[in-house]
Amino acid sequence: MIISNNIATYSFLAILINTGKHSFENMGQLIKKSGDTISRILRPGLESLDVSKKIAQQIFANKKELVVAIDETTIKKIYSQMMEGTGWLFDTKISRCISAYKLIVASITDGKFTVPICAAFTFGKEFYVDPSMAQEVTVQFFIKTARSLFPEATIIAALDGAFATVRYLKWATENTIATEVRMHANRVVEYKGKKKKLRDIKEIRPKGRQMARTVKVIWQGLSLYITAVRRIDKHGDETIVFQAATYKATPSKHAKMYKRRWGIEKFFRTTKQSMGLQECFSRKIGVQFNHICAVLLAYSITQLEMKQRLYKNPEEAIRAFKKRKHHDLNHAMTVLDENFGIARA
């Protein structure tokens, strides 16, 4: 039985549960407590995020260059229309609208480890006249947070094509935020005094053994570096994707920095499949957020285990946690107490 009761207790339960949904009742069975007790163990989301930030600072201490990867995901609540803040979002997999939250997360990564540090719900036109502007304000806050956590490191923001807006890229340029974003092949830019679609610029296409090439263009009055990256799938089929950057670097570096976004995709997949990211059943949006942040902390703990015990991936760390004896788990939580100043609940 887990005796310790601190900010990380709920996160450990999210890691340890083997069968069933991550409901308060099922999690309570692990420590022979009621669902109501588990709901009281769940701490405010910002407290969980504060511990996750401290874990990031330890894992990435002395790193000179880091990527802050920012992305959105859907938190499905298919069978409930009574949860505060949910909206109707189109699910491309089932081709229909579902009740869900839209979550945006920022994580710090060096390409090997990925630690989430910020999270927020994003909302549609039912809450904001211009949802995209609200989203960009959130992204700006996330990037500023990353820079404040690692003031001595170069922070590069990596975002997908949904964030490739004039407003954001102008802000990034004016504030010297090194940024990598995906760009659609049909975007029209000015190259060597002529306006062309990205896919029509012959000089940008990799040649021979090159995997990436970069050219400088003007887009909507902004000076950007466009990199064409060659991708070859397991069947040998080749595609070219484009990305834009606000800073000058070699083609290989542009490609490498954007590729580090993969860590946040892995984070979403693991937390949904193994840690119950979507499996909170409270109708209160505050409880939903607290649960999500506790799961983010759970993932951060697996990253810490990966580094300290040389595990290959978070799934290996999760399996190892589940095999530990009760006193070993209590010891692990005590170490977190000591290293990160986690207050008792």
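These remarks concern the structure in this document.

What counts, and where the lines are drawn
- Residues numbered from 1 in each chain as written.
- Predicted model: local features only at pLDDT ≥ 70, side-chain atom pairs only at ≥ 80, totals over all residues.
- Heavy atoms only, no water.
- Helix = DSSP H or I, 4+ residues; strand = E, 2+ residues; numbered from the N terminus.
- Rg over C-alpha atoms; globule rule 2.2 N^0.38 Å.
- Buried < 20%, exposed > 50% of the residue type's maximum accessible area, 1.4 Å probe, protein only.
- Contact = heavy atoms within 4.5 Å.
- Areas by Shrake-Rupley, 256 points an atom, 1.4 Å probe, with all protein chains shown as cover.
- Lys, Arg positive; Asp, Glu negative; His and termini not counted.
- Charge placed at Lys NZ, Arg CZ, Asp CG, Glu CD.
- Phe/Tyr/Trp six-rings, centres within 6.5 Å; stacked < 30°, edge-to-face > 60°.
- Axes fitted to C-alpha atoms, helices over the stretch in contact; angles between N-to-C directions.
- Parallel < 35°, antiparallel > 145°, perpendicular 65-115°, else oblique.
- Left-handed = near helix turned anticlockwise from the far one by under 90°.

### Description of the overall build of the protein
Here is step 1 of the chain: Looking only at helices and strands, one finds eleven helices and eleven strands in the protein.
Here is step 2 of the chain: Over its C-alpha trace the protein gives a radius of gyration of 22 Å, about what one expects of a compact globule, namely 20 Å for 345 residues.
Here is step 3 of the chain: If you line up the protein on its principal axes, its C-alpha atoms span 70 × 45 × 40 Å.
Here is step 4 of the chain: Here the protein, with 345 residues, has 53% of them falling under the buried criterion.
Here is step 5 of the chain: Sequence separation of 24 or more characterises 61% of the internal contacts of the protein that already satisfy a separation of 6 or more.
Here is step 6 of the chain: As presented, the protein carries roughly 17200 Å² of accessible surface, and 51% of it is formed by carbon and sulfur atoms.
Here is step 7 of the chain: One finds the centroid of the 57 positive side-chain charges in the protein at a distance of 4 Å from the centroid of its 31 negative side-chain charges.

### Some thoughts on the packing of aromatic side chains
Here is step 1 of the chain: Taken as a whole and assessed by the stated rule, the structure comprises nine aromatic pairs.
Here is step 2 of the chain: For the ring pair Phe141 and Phe142, a centre distance of 6.3 Å and an interplane angle of 55 degrees mean the geometry is tilted.
Here is step 3 of the chain: Given a relative accessible area of 2%, Phe142 falls into the buried group.
Here is step 4 of the chain: Through successive ring pairs, a cluster of aromatic residues spans Tyr101, Phe121 and Phe289.

### A few points about the packing of helix H1 (residues 9–16) against helix H11 (residues 326–340)
Here is step 1 of the chain: It is the contact of H1 with H11, at a shortest axis distance of 11 Å, that shows an interaxial angle of 140 degrees. Compared by their axis directions, H1 and H11 come out oblique. In the packing of H1 onto H11, the handedness of the crossing is right-handed. Together, Thr9, Phe12 and Leu16 of H1 and Leu329, Ala332, Met333 and Leu336 of H11 make up the contact between the two elements.

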